[in-house]
Amino acid sequence: MTLEQLSDVVQRCQAVPDDSYTTQDHDIFTIAGRTCIEEGNSAQVLSIVLDDKNQDIVRCMGWNLLPPLVQVLLKKEDKNLPHCLAIFNHLLEACKPKELLIGLLEQLEQDDPDTIAESLHLLLNPLQKVLLCLGSRKASSLGMTLSSVLDQVAKLPLPHTKEQEEDDVFSLCRICTDLITFVRPFVQEAKQNLLNSKALSESAANRPVRGDGPLPDKEELRAELLKFCMKTLSHPLLEIQLKDPDTLAVSPLRNFATEILNTLNAIGESVPSLVYQPLLKRKEVPGFLEEEVRYPKESLASLAHLVFVHHLAADTFPSVFSPVFCLRCNMEHVCLLLSRTDESRIQKGLELYEKTLLRLENSSLPADLLEIKTFLTVPQNLVKVMTICPRHDLRTKGLKVFQLSIDKFDSEAKYNFFQYMLKTSSHSGVEGYIIKNIKNHIDIALQPGNSNSWFEGVHLLPLLRKVFSLPDGPETDLLQYLDRVMESLNLLRYLVIRDKVTENQTGIWTELYKIEDTFLRPLRVGVNMSRAHYERELCNTMEAKKSKAKEESVLSVSVGDDKLPNMTSESQIQALHSALHTFDMIESVLVRIEELIEVKDNI
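Source: prediction; values computed, not measured.

### Some remarks on the overall build of the protein chain
Each helix and strand counted, the protein chain has 26 helices and four strands in total. The C-alpha radius of gyration computed for the protein chain amounts to 36 Å, which surpasses the reference 25 Å derived for 603 residues by more than 25%, pointing to a less compact arrangement than a globule. Referenced to the eigenvectors of the C-alpha coordinate spread, the extents of the protein chain come out at roughly 120 × 85 × 40 Å. Across the 603 residues in the protein chain, those meeting the buried criterion constitute 48%. A separation of at least 24 residues holds for 74% of the contacts in the protein chain among residues at least 6 apart in sequence.

As structure tokens, then:
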């Protein structure tokens with residue numbers, strides 16, 4: 001019955017011009033044709049589609065048969081596959097390109113990752129053929145197609161291991177390879193347009209010629225390809241960790257990244273200019289996209305990572321750019337990546353910062369760089385990575401890069417940086433780490449022949465005053481600020497031992513009375529107050545334990561204004577003993593410093 005309906009509507013339409021087909025004719029052809037294919041009558045449909053008398057009908061209405069045909073082609077094992085493939089190929093040749101494009105893009109929309117990969121692999125080549133049939137006005141259609149394709153690619157899982165990429169378990173590698181093949185003719189066309197435009201401009205250099213720039217549709221093609229490159233730099237390339245050639249000799253994803261960079265170069269976008277875009281004023285293109293839309297910051301950060309970490313397109317970079325200039329540019333990219341919470345971006349930010357720093361000599365960065373906002377924002381972002389990032393390896397890497405960045409500053413820059421971090425970090429562990437660095441640089445300065453005015457004498461004293469202070473005086477939470485307090489005490493003990501009273505190179509002996517007033521005395525009061533408080537809590541907890549019938553009953557104890565987590569009485573007692581041991585440790589160092597001062601005073 002359905003086959004008869006299809007034959008009837010085809011026979012009726014043969015007798016009228018193609019612009020006279022009614023809506024009813026379209027509906028009957030679509031429903032009957034699709035049903036015939038679904039019911040396995042594809043051989044008969046193929047016969048109708050190939051009939052010379054029906055070519056006008058096929059040209060106008062044939063694209064409506066795409067949905068059931070694509071389903072059969074995706075299944076592959078269907079017995080009607082050869083007939084459906086023949087119908088599909090004929091439709092690509094006979095139907096109107098714009099209608100085919102719409103029909104094919106509708107078939108791209110999938111949700112299951114396996115189906116997404118198969119449909120992309122099946123339809124990218126037909127989509128390319130259809131777009132090439134659109135001639136010079138294909139740019140907007142190409143942009144719509146690339147946007148739809150990348151939306152589907154974003155749904156595919158990403159390979160994280162070498163084995164996953166080698167086996168292409170999620171089919172992303174195959175799709176990325178297909179995608180490069182898909183855009184290649186359009187990239188070649190855009191490249192040729194640029195060459196033609198350049199030749200035209202050169203030939204018209206000595207005579208007035210109207211409109212000697214590229215035509216709007218040609219510029220639009222370049223714009224769509226640029227958007228495609230920027231999107232792929234953000235996803236998938238910013239999301240995945242590329243494998244180095246030593247780890248994976250043949251990497252489809254690394255090849256994909258290389259091709260994207262080659263595409264940028266082919267369409268007239270200089271990779272060095274894109275990487276250094278934060279410091280280079282780019283030319284304005286009339287009617288083109290706004291700067292930040294045209295060059296998304298995340299995409300440029302991804303590009304910088306590919307260049308500096310994986311050395312892609314490194315041969316295109318002129319050697320005139322100094323390592324300091326590269327650092328200034330990359331700080332914008334590093335700042336962006338480290339400000340994100342996604343671990344893949346944090347990892348890439350750390351890698352990019354490390355690789356950029358390694359190009360610099362130690363103690364080479366001047367203090368005026370700290371007047372640039374990113375040179376202060378990046379350390380703050382690093383502190384967040386070091387202290388709250390869930391991944392231990394990234395926290396460790398963050399600390400390593402943090403120290404590397406300190407090593408690259410000259411003495412004045414280190415001095416200013418230490419002051420800034422002590423003022424802004426608000427994290428005892430970080431402050432303790434900075435104080436330890438200060439101690440190391442003082443030690444270097446005190447070595448024979450290593451005099452350093454920034455870590456000796458009058459310059460050093462303001463820094464020491466920041467170190468030898470308690471955030472809240474005697475009421476400072478010594479457990480919370482333990483790292484800072486202990487490193488401060490260790491530094492003071494070192495100075496008292498290392499710097500002779502008669503030489504006073506660091507100025508510590510003239511500053512000592514202030515340190516006693518602002519640091520040592522309040523600290524001793526704080527230790528005594530804290531010990532008394534915790535001893536009382538320990539006594540109360542032990543009495544509560546005795547009064548309870550069950551030894552494992554849950555207790556809740558407050559220390560200061562904070563309620564300690566619920567735990568068994570045994571755990572609570574252990575925690576309180578640990579706190580008291582900490583106060584004993586602080587006091588022992590305090591006593592040792594006081595003994596050393598007394599000995600030196602008596603010399």
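### Considerations on helix α19 (residues 374–388)
For α19, which comprises 15 residues, the first-to-last C-alpha distance of 21 Å matches the rise-based estimate of 21 Å (1.5 Å per residue) to within 8%. Next to the buried residues of α19 lie α17 (323–338), α18 (343–358), α20 (392–408), α21 (411–424) and α22 (428–445).

### Let's talk about the pattern of salt bridges
Two side chains of opposite charge can pair, provided their charged atoms sit close to one another. Across all of its chains, the model carries 25 salt bridges by this definition. Among the ionic pairs, E189 bridges to K138, the shortest N-O distance being 2.8 Å. In this pair, E189 sits in helix α11 (residues 172–203) while K138 sits in the loop between α8 (113–132) and α9 (139–153), placing the two residues 51 residues apart along the sequence. One connected set of salt bridges, linked through shared partners, spans E239, E298, R340, D342 and R345.

### So, the packing of aromatic side chains
Taken as a whole and judged by the stated rule, the model has 13 aromatic pairs. Relative to W454, the ring of Y415 has its centre 5.2 Å away and its plane inclined at 50°; by these criteria the two rings are tilted. On the criterion of sequence distance, the pair formed by Y415 in helix α21 and W454 in the loop between α22 and α23 (457–467) is long-range, its members being 39 residues apart. Of the two residues, Y415 and W454, both sit in the buried class. On the basis of an interplanar angle of 55° and a centroid distance of 6.5 Å, the ring pair of F417 and F418 is categorised as tilted. Neither residue differs from the other here; F417 and F418 are each classed as buried. Against the face of Y494 rests K439, its NZ or CZ located 5.0 Å from the ring centre.

### Here's the deal with the nonpolar core
Of all hydrophobic cores here, the largest spans 185 residues; its most connected members are F182, I442, F468, L489, L491 and L523. Residue contacts for L523: discarding those within four places in its chain leaves L470, L478, V485, L489, I586 and L590.

### What about the confidence of the model for the protein chain?
Across the protein chain, the average pLDDT comes to 89, with 92% of residues at or above 70. Counting interchain partners and residues more than four positions distant, the pLDDT-below-50 stretch residues 209–215 has seven contacts. Between residues 549–553, whose pLDDT stays under 50, and residues either more than four places distant or in other chains, the model counts eight contacts.

### Remarks on the side chain of T374
Examined against the element boundaries, T374 turns out to sit in helix α19. Given a relative accessible area of 8%, T374 falls into the buried group. Residue contacts for T374: discarding those within four places in its chain leaves M331, E332, C335 and P379.

### Section: the side chain of S488
Along the chain, the position of S488 falls in helix α24 (residues 482–498). At 2.8 Å, the side chain of S488 forms a polar contact with the backbone oxygen of R484. The contacts of S488, once residues within four sequence positions are left out, are I435, V467, F468 and F519.

### Points about the packing of α21 against α23
The contact between α21 and α23 brings their axes to 10 Å, and the two run at 20°. Considered as vectors, α21 and α23 are oriented roughly parallel to each other. Helix-helix and strand crossings are classified by hand; for α21 and α23 the assignment is left-handed. Here Y415, F418, Q419 and L422 of α21 lie close against α23, whose contacting residues are H459, L460, P462, L463, K466 and V467. Here the residues of the contact of α21 with α23 are counted per class, giving seven nonpolar, two polar and one charged.

### Overview of the environment of C329
Relative to the helices and strands, C329 is located in helix α17. Between the C-alpha atoms of C329 and T356, which are 27 residues apart in sequence, the distance is 9.9 Å.

### A closer look at α24
Here α24 contains 17 residues, and its C-alpha end-to-end distance of 24 Å stays within 8% of the 24 Å for a straight helix at 1.5 Å per residue. Within the sequence span of α24, burial applies to R484, V485, M486, E487, S488, L489, L491, L492, Y494, L495 and V496.

### A look at unusual backbone geometry
Here the bond from H235 into P236 is cis, since omega is 15°, no more than 30 degrees from zero. Turning to its location among the elements, P236 is positioned in the loop between α12 (216–234) and α13 (252–266). For S171, which is not a glycine, the phi torsion comes out positive at approximately 70°. Positionally, S171 belongs in the loop between α10 (162–167) and α11. Assessed through its relative accessible area of 18%, S171 is described here as buried. For N504, which is not glycine, the phi torsion reads 50° and is therefore positive. Within the secondary structure, N504 is located in the loop between α24 and α25 (508–547).

### Some points on the packing of α18 against α20
Between α18 and α20, whose axes approach to 10 Å, the crossing angle comes to 30°. Regarding the angle of α18 to α20, the classification is roughly parallel. For the pair α18 and α20, the crossing hand works out as left-handed. Of the residues in α20, those touching α18 at E343, I346, Q347, L350, Y353, E354, L357 and L358 are L394, K397, G398, K400, V401, L404, S405 and K408. Here the residues of the contact of α18 with α20 sort into eight nonpolar, three polar and five charged.

Procedures and definitions
Residues numbered from 1 in each chain as written. Predicted model: local features only at pLDDT ≥ 70, side-chain atom pairs only at ≥ 80, totals over all residues. Heavy atoms only, no water. Helix = DSSP H or I, 4+ residues; strand = E, 2+ residues; numbered from the N terminus. Rg over C-alpha atoms; globule rule 2.2 N^0.38 Å. Buried < 20%, exposed > 50% of the residue type's maximum accessible area, 1.4 Å probe, protein only. Contact = heavy atoms within 4.5 Å. Expected span 1.5 Å × (residues − 1). Salt bridge = Lys/Arg side-chain N within 4 Å of Asp/Glu carboxyl O. Phe/Tyr/Trp six-rings, centres within 6.5 Å; stacked < 30°, edge-to-face > 60°. Lys NZ or Arg CZ within 6 Å of the ring centre and 35° of its normal. Core = buried A, V, L, I, M, F, W, Y, C linked by side-chain atoms within 4.5 Å. pLDDT = per-residue confidence, 0-100. Polar contact = N/O pair within 3.5 Å; in protein donor to acceptor, adjacent residues only side chain to side chain. Axes fitted to C-alpha atoms, helices over the stretch in contact; angles between N-to-C directions. Parallel < 35°, antiparallel > 145°, perpendicular 65-115°, else oblique. Left-handed = near helix turned anticlockwise from the far one by under 90°. Nonpolar A, V, L, I, M, F, W, Y, C, P; charged D, E, K, R; others polar.

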